[in-house]
Amino acid sequence: MQPEIKLSVRSLVEYVYRSGSIDQRFRTATTLTEGTKAHKAIQRTYQENDEKEVFLKTEIEYEKIMFIIEGRCDGLLFRDDKIFIDEIKSTSRDLSEIEEESSPVHWAQAKLYAYIYAKDHEIKEMVVQLTYIHTFTEEQKQFQKHFTFQELEQFVSELVEHYFPYASLMQNHQLRRNHSINQLSFPFATYREGQRKLAGVVYKTISEEKNIFANAPTGIGKTISTIFPTVKAIGEGKLDRMFYLTAKTITRQTAEEAFSLMKNRGLCMSAVTITAKEKICFKEETICQKEYCEFANGYYDRINGAVLDIFSHETFINRQKIEEYARKHTLCPFEFSLDLAFVADAIICDYNYIFDPKVSLKRFFDEHKRQSALLIDEAHNLVDRAREMFSAELQKSDFLSLKRAYKGSGLYESVHKLNKYFIELKKKCSEKGHLVWQEVDEDLINMLEEFIGKAEIELLQPSKSVEEAGLLETYFAATGFVRISNLYDERYVTYVESDKNEVHLKMFCLDPSHLLQQVSKKFRTTVYFSATLLPFQYYLDMLGGTSEDYTISIPSPFAKEQTEVYLQPLSTRYHDREHTKKPIIEMLSKLLKERGGNYLIFFPSYHYMNSVYEDFTTSCPDIRCIIQTNKINEEEREQFLKEFKEESSEPFIGFAVLGGIFSEGVDLKGNRLNGVIVVGVGLPQLCLERNIMKDYFQTTGKNGYDYAYTFPGMNKVLQAGGRLIRSETDTGVIVLVDDRFLTQKYQGLLPREWRDFENIQNLPE
């Protein structure tokens, strides 16, 4: 069977014609500006017989490989006896700066469309037209060239010839990959209880092109149980690639370990990890300008060679490998990782690269997504993360700073108007300190679009130095705000809070389910999994689940006897906390001195934690302890966890915050952790946002308080308690500190194995 390579017109052209740098100003003007409106403005001027968004497809054989190339051209125009391919490009650059040969890649894309149409319809000559339209003024500029079919055919042959070394590499890799997957067995001697069931249902879900919500207990090995069947599906041609999405660095590392384990068992599959730009940047400051960064300057002149190099020698491409090859080829490591992800079999990355409309991987077109699976780890985290991704905010102080810095410039008038707008909002907030309404302020959007246009002109000035960080950040905030305004519907509110001289304006996504659903339905399969995806209905509602989606809840494989669960029925409500500190400290002292071992205690706030910690260290100076700080980096996190030693001769306790960095993704097996104490029911702090959410969900027929407070809070409790039992041999004690756990409502939200708790007074020595 002849091997086939399927690719889009844009993919082929961009690979061959990559050139220049990743200068932030250039990318700002060309890739971040919304061009949809501009395209439609041009297409509305077409004549009756003209066609728009025309799907074109062709097959070209080269060196025994069949290249299947397809795409949609913007316009197919019929003028007298001539046929035009119209390629529309929107830009915020001054059109006087754009000349006929300014962008060879644009000509290449249009010529490829012209070739496909001419070949299909046996046409001897085509007219290729580039139409540039200014995003804000809608001013237009056009260029036209005539090509014979022979010229187009020669051009496309050269394109494919240039692409062939890369295509050949990918084709050979695919053959090796599929063979290795066919030979690959589960990378452990046996399945843990529940693992085979989870792996089987994930494979079934992919095969049937469905979605699934899986609640699977901590410790059964959810990562390998979801990745392994997905890898098998890729080997069988059911998928082209997979995305493993996580919220935290530690869970990305778990996914990397799973791929590394399978690689050691013979798997030949490319897996790329995307690390945030600010973490992986080689420079002291993350400024993507060629004048400042040698890794950005001329990036596209070197990228193709680097891609061929790394894929010729590596399969498991983590941060270390990306940095190694990026330095070798003098490339921006972040942009390099994105280009590698475009062709990798597996991509390990944060949620936002798929779901955030402001930063998502726009390199991936819909045809890629249709043959891809999303594996969403710790999916309970996606609810609040999605709210933030689909929300947008602005601050008055940013525009005031720009007003002062750009006095006398072309930018001044737009930032002056915006600052004045915020002053008026502040006056309206005077009584309550806040405002809430449920619509997009079109006047504000118009002012922001004017600001964006002026800001792009400033950012494109070649004489400007790298000192406009404030302008760039505000520009991004404004473009994000305008973009989110296009998503605004009945699931949104707009609110303003005024505090002293600051005015904070936010378009807040109350219910992200619809938007999450719109993204996930473009993929073949989405697997949502977590140890705390209960109650199911809440997460189905919030993550965009439908009646057609599968759900599965795998019971804990661990014996009930492995965990002793106790309750200290105290009030941890805000107004009672000072009075209940003493009995909590007495309980801790007794537990640690009589039982010994290593413990974690979680509090609902830093203030509460610090207050108990201070009194505890005074009362029990002989007990060794450590406390989580407000801002903690990865190195400090690792140091914190190292304090939990397997063979500890003295009691030790770590103080941490519910929902923080130590309540998820922490794996302290055996005697490294002997007990977990959870103080409170994890309720989010009362605030304007949560109360707006509560009122919204109440109007939709749900229990607003549960959706805004109870369910998110209890998820933190379950996650914290889940740190204790990580394997079949782990044992320990869980202490729940709050009298609300005595109520039927909260007991119903606890895992079954926690519900038969005893009073802490009955704790045996």
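Residues numbered from 1 in each chain as written. Predicted model: local features only at pLDDT ≥ 70, side-chain atom pairs only at ≥ 80, totals over all residues. Heavy atoms only, no water.

With that out of the way, let us pick up the overall build of the protein. Helices and strands together make up the secondary structure of the protein, namely 27 helices and 25 strands. Since a compact globule built from 765 residues should have a radius of gyration of about 27 Å, the 29 Å found for the protein is in line with a globular shape. For the protein, the spread of C-alpha atoms along the three principal axes comes to 95 × 70 × 50 Å. For the protein, buried positions account for 56% of its 765 residues. Taking all contacts inside the protein whose residues are at least 6 apart in sequence as the whole, residues at least 24 apart take part in 79%. Per element, the accessible surface of the protein, about 33900 Å² overall, is 46% carbon and sulfur. (Helix = DSSP H or I, 4+ residues; strand = E, 2+ residues; numbered from the N terminus. Rg over C-alpha atoms; globule rule 2.2 N^0.38 Å. Buried < 20%, exposed > 50% of the residue type's maximum accessible area, 1.4 Å probe, protein only. Contact = heavy atoms within 4.5 Å. Areas by Shrake-Rupley, 256 points an atom, 1.4 Å probe, with all protein chains shown as cover.)

Turning our eyes to something else, we now look at the nonpolar core. Phe67, Phe336, Phe355, Leu382, Leu448, Phe451 and Leu736 are the most contacted members of the largest nonpolar core, which totals 186 residues. When residues of this core are assigned to their parent elements, the largest contribution, 12 residues, is made by helix H5 (residues 149–183). Judged by nonpolar contacts, the second largest core, of 36 residues, contains Ile181, Val202, Met269 and Ile348. (Core = buried A, V, L, I, M, F, W, Y, C linked by side-chain atoms within 4.5 Å.)

Moving on, we get to the sheet that holds strand E10 (residues 316–317). Strand order in the open sheet formed by 8 strands is E10-E9-E11-E8-E12-E17-E7-E18, and the pairing between neighbours is parallel. Either end of the sheet is taken by a strand with one partner, and the two such strands are E10 and strand E18 (550–553). Relative to strand E11 (residues 346–350), strand E8 (residues 241–246) is paired through 5 bridges, and the arrangement is parallel. In the strand pairing of E11, leucine 245 is matched with cysteine 349. (Pairing = 2+ DSSP bridges.)

For the rest of this paragraph, the subject is the sheet that holds strand E24 (residues 732–737). Strand order across the open sheet formed by 7 strands is E21-E22-E20-E23-E24-E19-E25, with parallel pairing between neighbours. Looking at which strands have only one partner, the edges of the open sheet turn out to be strand E21 (624–627) and strand E25 (758–759). Both strand E19 (residues 563–568) and E25 contribute to a ladder of 2 bridges, which runs parallel. Bridged to tyrosine 566 within E25 is glutamate 758. Across the face of the sheet, helix H26 (residues 704–721) comes into contact with strand E20 (598–603), strand E23 (675–679) and E24 while running at roughly 165° to E23. (Axes fitted to C-alpha atoms, helices over the stretch in contact; angles between N-to-C directions.)

With that settled, the discussion passes to the packing of helix H4 (residues 104–121) against H5. Each pair of packed helices can be described by the angle between their axes along with the distance between the axes. Where H4 contacts H5, the axes come no closer than 9 Å and their chain directions differ by 120°. Compared by their axis directions, H4 and H5 come out oblique. In the crossing of H4 with H5, the sense of the turn from one axis to the other is left-handed. Facing H4, whose interface residues are Ala108, Lys111, Leu112, Ala114, Tyr115, Ala118 and Lys119, H5 presents Phe149, Leu152, Glu153, Phe155, Val156 and Leu159. (Parallel < 35°, antiparallel > 145°, perpendicular 65-115°, else oblique. Left-handed = near helix turned anticlockwise from the far one by under 90°.)

Most of E19 sits out of view: 5 of its 6 residues are buried. As paired strands, E19 and E24 are joined by 6 bridges and run parallel to one another. In the sheet register, glutamate 564 faces E24, and the bridge partner there is valine 733.

In this structure, arginine 177 sits in helix H5. With a relative accessible area of 5%, arginine 177 lands in the buried category. With near-sequence residues (within four places) excluded, arginine 177 lies in contact with Ile234, Asp240, Cys268, Met269 and Asp345.

The next point concerns the pattern of salt bridges. This model, assessed by the stated rule, comprises 37 salt bridges. The salt bridge involving aspartate 345 is made with arginine 177; its shortest N-O contact spans 2.8 Å. With aspartate 345 in the loop between helix H12 (333–341) and E11 and arginine 177 in helix H5, the pair connects residues that are 168 residues apart, well separated along the chain. For the residue pair aspartate 345 and arginine 177, the accessibility class agrees, reading buried in each case. (Salt bridge = Lys/Arg side-chain N within 4 Å of Asp/Glu carboxyl O.)

On to the packing of helix H11 (residues 319–329) against H12. Taken N-terminus to C-terminus, the directions of H11 and H12 make an angle of 110°; their axes are 9 Å apart at the nearest point. The pairing of H11 with H12 is recorded here as roughly perpendicular in orientation. In terms of crossing hand, the pair formed by H11 and H12 is right-handed. Along its contact with H11, which presents Ile322, Tyr325 and Ala326, the element H12 presents Pro333, Phe336, Ser337 and Leu340.

Below, the discussion takes up the side chain of lysine 396. Within the secondary structure, lysine 396 sits in helix H16 (residues 396–405). Buried charged residue lysine 396 carries no salt bridge. Nearest counter-charge: glutamate 502, at 6.6 Å. Contacts of lysine 396, omitting those with residues within four sequence positions, involve Asn419, Phe422, Ile423, Asn501, Glu502 and Val503. (Lys, Arg positive; Asp, Glu negative; His and termini not counted.)

Here we come to H12. By the criterion of burial, H12 is predominantly enclosed, with 9 of the 9 residues buried. Those residues of H12 that sit buried are Pro333, Phe334, Glu335, Phe336, Ser337, Leu338, Asp339, Leu340 and Ala341.

The next subject is the packing of aromatic side chains. Evaluation of the coordinates by the stated rule reveals 37 aromatic pairs. Ring-pair connections join several aromatic residues into one group, and the members of that group are Tyr538, Tyr539, Tyr696, Phe697, Tyr707 and Phe711. Sitting over the ring of tyrosine 292, lysine 283 keeps its end group 5.2 Å from the ring centre. A cation sits over an aromatic face here: arginine 327 above phenylalanine 282, 3.8 Å from the ring centre. (Phe/Tyr/Trp six-rings, centres within 6.5 Å; stacked < 30°, edge-to-face > 60°. Lys NZ or Arg CZ within 6 Å of the ring centre and 35° of its normal.)

Attention now goes to H11. All of the buried residues along H11 are Ile322, Tyr325, Ala326 and His329. In an axial view of H11, the angular spread of the buried residues amounts to 105°, which keeps them on one side of the axis. Projecting away from the buried face of H11 at angles above 90 degrees are the exposed residues Gln320, Arg327 and Lys328. In the core, the buried residues of H11 are packed alongside strand E9 (271–273), helix H9 (277–280), helix H10 (299–313), E10 and H12. (Arc of directions from axis to C-beta.)

Applying the stated criterion across every chain, the model contains 0 disulfides. In this structure cysteine 625 is a free cysteine whose sulfur lies 8.9 Å from that of cysteine 620, the closest cysteine sulfur available. By relative accessible area, cysteine 625 is classed as buried at 19%. (Disulfide = S-S within 2.5 Å.)

Tracing the backbone through its elements, the reader meets leucine 471 in helix H19 (residues 469–485). The buried category is assigned to leucine 471, whose relative accessible area is 1%. Once the C-alpha coordinates of leucine 471 and leucine 588 are considered, the two residues, 117 residues apart in sequence, prove to be 51 Å apart.

In short, the description is geometric, and any link to function would need to be established separately.
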